[in-house]
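Each chain, written out:
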Amino acid sequence: METVSLDDVDDLMGPADVKRRLGRALGATDVAVNYYELAPGDSFGFGYHSHGAQEELFYVAEGTVTFETATGDVAVGPGEAIRFEPGESQLGTNRGDERVVALAVGAPKDPGELHMVRECPDCGGRTPNTVELTDDRDAIVTVCLECGAPTGRWTE
């Protein structure tokens, strides 16, 4: 058995105001569990994406998250959960004015191949992207795989 205090888990750089890998801190071997806080405009992911091998479940404790899906937008509020199959694309974003507190659970722990698209200003539409850490490790960037243009940047 393992226990951990949320305050003792490092916050990760990215599109969420707060992201803490609880599963990793607890030594979980078969499941990923992440704690999130989304300020207005923040999202869970770097872009509209799917994981080739991982099923994802999101539980919203506070606020409302709007998930972009292939069939349209789905709002998930406090006390509600949503599940995505492996390969099912989505992006959860806080489009409201209140802070979101949520948990994300993914299994298996290894998500498999990431398929992600973002708006590319140079290509003029949504294109496949990759996520990279800058050379000086002070930012995460998304890069268009078609033209090499940066499409997003996140710092601590």
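Description of the structure in this document. None of these values were measured; they are calculated from a predicted model. (Residues numbered from 1 in each chain as written. Predicted model: local features only at pLDDT ≥ 70, side-chain atom pairs only at ≥ 80, totals over all residues. Heavy atoms only, no water.)

## Here's the deal with the pattern of salt bridges
Turning to step 1, where the next piece is worked out: Tallying each qualifying case throughout the model produces 7 salt bridges.
Turning to step 2, where the next piece is worked out: The partner of Glu37 in a salt bridge is Arg99, and the shortest N-O contact between them spans 2.9 Å. With Glu37 in strand β2 (residues 32-38) and Arg99 in the loop between β8 (90-93) and β9 (100-107), this residue pair connects regions lying 62 residues apart in the sequence.
Turning to step 3, where the next piece is worked out: On the basis of relative accessible area, Glu37 is assigned to the buried category, the value being 17%.
Turning to step 4, where the next piece is worked out: When the shortest N-O distance is used, the salt bridge between Arg126 and Glu119 registers 3.9 Å.
Turning to step 5, where the next piece is worked out: Within the structure, one salt-bridge network assembled from shared partners comprises Asp17, Glu37 and Arg99. (Salt bridge = Lys/Arg side-chain N within 4 Å of Asp/Glu carboxyl O. Helix = DSSP H or I, 4+ residues; strand = E, 2+ residues; numbered from the N terminus. Buried < 20%, exposed > 50% of the residue type's maximum accessible area, 1.4 Å probe, protein only.)

## Considerations on the sheet that holds strand β1 (residues 18-21)
Turning to step 1, where the next piece is worked out: Read from one edge of the open sheet, 5 strands run β1-β2-β9-β4-β7, paired in antiparallel fashion. Of all the strands in the sheet, just β1 and β7 (80-84) have a single pairing partner and so form its edges. The mean angle between the axes of side-by-side strands here comes to 20°, regardless of whether they run parallel or antiparallel. (Pairing = 2+ DSSP bridges. Axes fitted to C-alpha atoms, helices over the stretch in contact; angles between N-to-C directions.)

## Examining the packing of aromatic side chains
Turning to step 1, where the next piece is worked out: Evaluation of the coordinates by the stated rule reveals 7 aromatic pairs.
Turning to step 2, where the next piece is worked out: Ring centres of Phe44 and Phe58 lie 4.8 Å apart, and the angle between their planes is 35°; this geometry places the pair in the tilted category. In this pair, Phe44 is assigned in the loop between β2 and β3 (48-51) and Phe58 in strand β4 (residues 55-62), connecting sequence segments 14 residues apart.
Turning to step 3, where the next piece is worked out: An angle of 75° between the planes, with centres 4.9 Å apart, marks the rings of Phe46 and Trp154 as edge-to-face. One end of the pair, Phe46, is in the loop between β2 and β3; the other, Trp154, is in strand β13 (residues 150-155), and 108 residues separate them in sequence. Note on accessibility: Phe46 and Trp154 belong to one class, buried.
Turning to step 4, where the next piece is worked out: Connected via pairs of aromatic rings, a cluster forms that spans Tyr36, Phe44, Phe58, Phe67 and Phe84. (Phe/Tyr/Trp six-rings, centres within 6.5 Å; stacked < 30°, edge-to-face > 60°.)

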